[in-house]
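Reading the structure
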Amino acid sequence: MARPRIALIGAGQIGGTLAHLAAIKELGDVVLFDIAEGTPQGKALDLAESGPVAGYDVALKGTQDYADIAGADVCIVTAGVPRKPGMSRDDLLGINLKVMKAVGEGIKANAPDAFVICITNPLDAMVWALQVFSGLPREKVCGMAGVLDSARFRHFLAEEFEVSMRDVSAFVLGGHGDTMVPLTRYSTVAGIPLPDMIDMGWTTQERIDAIVQRTRDGGAEIVGLLKTGSAFYAPATAAIEMAEAYLKDQKRVLPCAAYVDGSFGLNGLYVGVPTVIGSGGVERIVEIKLKKDEQSMFDKSVDAVKGLVEACKGIDETLA
Ligand code: A3D
């Protein structure tokens, strides 16, 4: 059987890290596409030259030509601009929407059978636009945010309880951004829900509230530290987990920005929900019953995403 082909559209900070992780895990041959001349070629060559030492055996190519992504099984999209200190994700909308149009058309023409994972911000609106521009089936186009947001939540919880992050699971819903909804009652330490951990005296409601807020602000915390860009190691690691779930038909239950039509009271919107990812792409939405306060947080998040989708329609009339 031929090796899978992984196309990375955008060869910047996240794109380069994606290529490295895909190579180390030998997920398949990698094509890096970017409009910046030399960048994808330079990164592909540098990574290929580390193969003999690291022991990975995959082909890596950099390109400015969409024809080179032909037949890709997975496309991970990071093309666009990241935020700088003081910017919100939403400030990126106008410029990144144009990028999604070019990328969507490139994927449509060259890799229509791919599973597409969007990372470009503002995530929920960009994945929606990318699906429309590419015309690919909705279950084959999704966005990475929930795996990253829940990883941040897990990290902070593991620190709080001084236990291994392996034993901490976290559950995050809603749009990627300030309105994301971390669900504490479905977040556990070795199966023990956080409210029980509070009852057991391991932490307090105030400390959990602070961790929830730090999770919501997780992206801005890194932007503030780096000053010249945004997080890239954890976002790339999270997207690779989703790509692997698809390529290996793992049926992983992962939160992602998926097209929700009917569940959660939504009709036709990309937003962060728990999903099952396997060889069919986003094979299933896991609909949980929300409590009143959770529902109102989720509704707020959904409204924020709807606002961004409307803004996209205002900018590009083909989306209206
Ligand atoms: P960066 O290192 O700037 O890489 C972006 C790359 O896109 C650059 O190399 C550009 O040359 C390239 N590019 C720009 N326009 C095009 C185009 N039309 N076609 C192809 N390539 C193009 O950014 P990054 O890798 O740090 O971040 C990429 C995106 O991910 C940004 O929009 C970030 O905001 C976003 N991001 C999302 C998350 C989520 O959790 C959703 C987390 C972190 C970053």
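Residues numbered from 1 in each chain as written. Predicted model: local features only at pLDDT ≥ 70, side-chain atom pairs only at ≥ 80, totals over all residues. Heavy atoms only, no water.

So the rule is basically this: UniProt positions are given in the numbering used here, feature names are shortened, and annotations may be inferred rather than shown by experiment.
Identification of the protein as Malate dehydrogenase from Histidinibacterium aquaticum is taken from an unreviewed UniProt entry. Its UniProt record gives the protein the following Catalytic activity (unreviewed entry) comment, quoted word for word: "(S)-malate + NAD(+) = oxaloacetate + NADH + H(+)". What UniProt records for the protein under Sequence similarities (unreviewed entry) is the sentence "Belongs to the LDH/MDH superfamily. MDH type 3 family."

**Quick word on the overall build of the protein**
Counted only if it meets this: Labels follow the DSSP assignment, with helices taken as runs of H or I lasting at least four residues and strands as runs of E lasting at least two, numbered in each case from the N terminus. Accessible area is worked out with a 1.4 Å probe on protein chains only. A residue is then buried under 20% of its type maximum, exposed over 50%, and partly exposed in between. Should any heavy atoms of two residues lie within 4.5 Å, those residues are considered in contact. We get accessible surface area from the Shrake-Rupley algorithm with a probe of 1.4 Å; when it comes to residues, only the shown protein chains can shield them. Positive charges come from Lys and Arg, negative ones from Asp and Glu, while His and the chain ends are left out of the count. For charged residues, the charge sits on one atom: NZ in Lys, CZ in Arg, CG in Asp, CD in Glu.
Helices and strands together make up the secondary structure of the protein, namely 10 helices and 14 strands. Sorting the 320 residues of the protein into buried and exposed places 52% on the buried side. Restricting to contacts in the protein with at least 6 residues of sequence separation, those with at least 24 account for 69%. Surface exposure of the protein reaches about 14300 Å², of which carbon and sulfur atoms provide 52%. Separation of charge centres in the protein, based on 31 positive and 41 negative side chains, amounts to 1 Å.

**So, the packing of helix 4 (residues 123-134) against helix 10 (residues 292-315)**
Here is the rule we go by: For helices, the fitted axis covers only the stretch in contact; all axes are lines through C-alpha atoms, and the angles between them, taken along N-to-C directions, range from 0 to 180 degrees. Every angle not falling under 35 degrees, over 145, or within 65 to 115 is termed oblique; those three ranges are roughly parallel, roughly antiparallel and roughly perpendicular. The sense of a crossing depends on the near helix, which, turned anticlockwise from the far helix by less than a right angle, makes the crossing left-handed and, turned clockwise, makes it right-handed. Gly counts as polar in this scheme, as do all residues outside two lists: the nonpolar Ala, Val, Leu, Ile, Met, Phe, Trp, Tyr, Cys and Pro, and the charged Asp, Glu, Lys and Arg.
Where helix 4 meets helix 10, the axes come as close as 8 Å, and the angle between the chain directions of the two elements is 45°. In terms of their interaxial angle, helix 4 and helix 10 are classed as oblique. Between helix 4 and helix 10 the crossing geometry is right-handed. Contacts between helix 4 and helix 10 involve Asp124, Ala125, Met126 and Trp128 on the former and, on the latter, Val305, Leu308, Val309, Cys312 and Lys313. Residue classes in the contact of helix 4 with helix 10 are distributed as seven nonpolar, no polar and two charged.

**Brief notes about the sheet that holds strand 10 (residues 188-189)**
The criterion, for reference: Two strands make a pair as long as DSSP finds a minimum of two bridges between them.
In spatial order, the strands read 7-10-11; together these three strands make up an open sheet with antiparallel pairing. The sheet is open, and its two borders are formed by strand 7 (168-169) and strand 11 (192-193), each paired with just one other strand. Pairing analysis gives two bridges linking strand 10 to strand 11, with the strands arranged antiparallel. Note on strand 11: the bridge partner recorded for Val189 is Ile192.

**Some points on the site of the ligand**
Stated formally: Proximity criterion: a residue is near a molecule or strand once any of its heavy atoms comes within 4 Å of it. Counted as a polar contact is a pair of N or O atoms within 3.5 Å, where, for protein atoms, one must be capable of donating a hydrogen and the other of accepting one, and residues adjacent in sequence contribute only when both atoms are in side chains. Method remark: on a 1 Å grid restricted to protein atoms, a set of points is classed as a cavity if a 1.4 Å probe fits but cannot get out and as a pocket if it is open with protein on both sides within 12 Å along at least five of seven lines; lining residues have an atom within 4 Å of a point. Any molecule with more than half of its atoms within 2 Å of a cavity's or pocket's grid points is counted as sitting in it.
Neighbouring residues of the ligand: 25 residues in total, closest Gln13, Ile14, Asp34, Val81 and Ile119. Gly80 places a polar main-chain atom, nitrogen or oxygen, 3.2 Å from an oxygen atom of the ligand. Contacts to the ligand include Asn121, whose side-chain N or O atom sits 3.1 Å from an oxygen atom. Its atoms largely coinciding with the cavity grid, the ligand occupies the largest pocket. Those elements that place two or more of their residues in the shell around the ligand are helix 1 (13-24) and helix 3 (93-110). Taken together, the residues of the shell around the ligand sort by class into 15 nonpolar, nine polar and one charged.

**Quick look at the layout of surface pockets**
Note the threshold: Grid points are joined across faces, edges and corners, and a volume is the space filled by probe spheres set on the points. Domain ranges listed in this record stem from an automatic or a database domain assignment.
A volume near 840 Å³ is recorded for the largest pocket. Lining the largest pocket are 42 residues; nearest its centre among them are Thr78, Ala79, Gly80, Val81 and Pro82. Broken down by secondary-structure element, the contributors of at least two residues to the lining of the largest pocket are helix 1, helix 3, helix 5 (146-161) and helix 8 (218-226). When residues of the lining of the largest pocket are assigned to domains, at least three map to each of domain 1 (5-144) and domain 2 (146-313). Volume-wise, the second largest pocket comes out at about 530 Å³. For the second largest pocket, the lining is made up of 23 residues, of which Val147, Arg154, Glu241, Arg252 and Leu254 are closest to its centre. If you list the elements that add at least two residues to the lining of the second largest pocket, you get helix 5, strand 7, helix 9 (233-247) and strand 12 (252-261). Residue contributions to the lining of the second largest pocket peak at six residues, all from helix 9. Of the residues assigned to the lining of the second largest pocket, the class counts are 14 nonpolar, four polar and five charged.

**Here's the deal with the UniProt feature "binding site: NAD(+)" (unreviewed entry) in the protein**
Feature annotation in UniProt places "binding site: NAD(+)" (unreviewed entry) on Gly10, Ala11, Gly12, Gln13, Ile14, Gly15, Asp34, Asn96, Ile119, Thr120 and Asn121, given in this structure's numbering. As for the annotated residues named above, the ones lining the largest pocket are Gly10, Ala11, Gly12, Gln13, Ile14, Asp34, Asn96, Ile119, Thr120 and Asn121. By the element assignment, Gly12 lies in the loop between strand 1 (5-9) and helix 1. Residues contacting Gly12, with those up to four places away along its chain left out, are Asp34 and Lys43. Looking at Thr120, the relative accessible area reads 4%, which means it is buried. If sequence neighbours within four positions are ignored, Thr120 has contacts with Val77, Thr78, Ala79, Asn96, Met100 and Met126.

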